[in-house]
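Here are the chains, one letter per residue:
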Amino acid sequence: MQEEQEKTYDMLSSPWICAGEAVSWEGVLQHGVLREYRKNEIIIQAGQEIEALAYLSEGVVKTVAPEESGQEKIIWYVEAGCVLGETPLLNNKPCAYYFQAVEDCRVYWFSKAAVFGVILVKYPEITKSIMSIMARKVHVLSTQVEDQVFLKPMARVAKVIYLFYRGKKVTGWKEYPSLPVTQEDIASMLGLHRVTVNQALQSMRNSGILENNTHRIIVRDLELLKKAAN
C-alpha cells in the first residue's frame, strides 16, 4: 500500500505529465480535427489565442515559458493521452507558453462547441481525466515554487531527476536506460545555471548515485538519489 501511494505521489509531482488511468477518447474523436506535427514543430505559440482544446493522441510535447530576455524555462513534458492548452481555453486568455513536439505527434483539435456541448456533457470519464491532468499540472507548479524556496540547488537537481525517473516508471517506461532529458533541460526547468547543474550531476556520479556517463543521465542507485533529493 505504501509503495502504491509513493508511486501515485511521484506521478503527481513529476514534471513528466501522463494521463494516469487510461481513458478512451475513441467515442469523441469524430468531433475533432486531426493534425500531425513533426519533431521540434511548434504546436501552440506563446501569445496565441486558444479557440480549441488539443488532445495529444501520440507523441511527447514539452511546454516552455519564454522570457523577453531570450531565456526560457521548461515547465513540463506531456505524454500521449493528455490535453494541451486547456487553461488558456477555459480562461479565454492568450497562451503564456509555447508547446513544442519532442517527437512526431498526432493531435486532435476540438472546438469550444465540441468541448462544452459534447465532451463535458456526455463523457464524464473524459471530463474527469481532463480535470485530473489540470490538477496534476497545478501540483507540479506549486511543488516547483516550494522547492525553489526551501531546497538547495543540489537537492533540487536530485529531486527533479528522481521525479522524472519515478514518473516515467509509473507509466511503464522501458525504452531508454537514460532519462529523456538533458543537463540543459534540467537547468532550464529549475532556473539554474548550467555550471551549477553540471556540478550537481558530477557530485552524484562521484557518489555512485548516477552512472559515470557525461552524455546521458542514468540512475544507478534510486534510494541514494531519493535521499539526496531531501
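Here we summarise the structure given alongside this text. Please read these numbers as outputs of a predicted model, since none were measured by experiment.

## A closer look at the packing of helix α6 (residues 183-190) against helix α7 (residues 194-206)
Close contact between α6 and α7 brings their axes to 9 Å; oriented N to C, the two are set at 120°. Taken together, α6 and α7 sit at an angle that is classed as oblique. Considering only the axes of α6 and α7, their crossing is right-handed. In this structure, α6 contributes Gln183, Glu184, Ile186 and Ala187 to the contact, and α7 contributes Arg194, Val197, Asn198 and Leu201.

## Focus: the sheet that holds strand β6 (residues 72-79)
Within the open sheet, the five strands sit side by side as β1-β6-β5-β8-β3. Their pairing is mixed. The open sheet has two free edges, formed respectively by β1 (16-17) and β3 (42-44), since each of these has just one partner strand. Pairing geometry for β1 and β6, over two bridges, is parallel. Looking at β6, one finds that tryptophan 16 is bridged to tyrosine 77. Here helix α4 (residues 124-150) sits on the sheet in contact with β1 and β6, set at roughly 145° to β6.

## As for the side chain of glutamine 144
Positionally, glutamine 144 belongs in helix α4. Beyond its immediate chain neighbours, meaning those up to four positions away, glutamine 144 contacts Lys73, Ile75 and Met189.

Criteria and cut-off values
Residues numbered from 1 in each chain as written. Predicted model: local features only at pLDDT ≥ 70, side-chain atom pairs only at ≥ 80, totals over all residues. Heavy atoms only, no water. Axes fitted to C-alpha atoms, helices over the stretch in contact; angles between N-to-C directions. Helix = DSSP H or I, 4+ residues; strand = E, 2+ residues; numbered from the N terminus. Parallel < 35°, antiparallel > 145°, perpendicular 65-115°, else oblique. Left-handed = near helix turned anticlockwise from the far one by under 90°. Contact = heavy atoms within 4.5 Å. Pairing = 2+ DSSP bridges.

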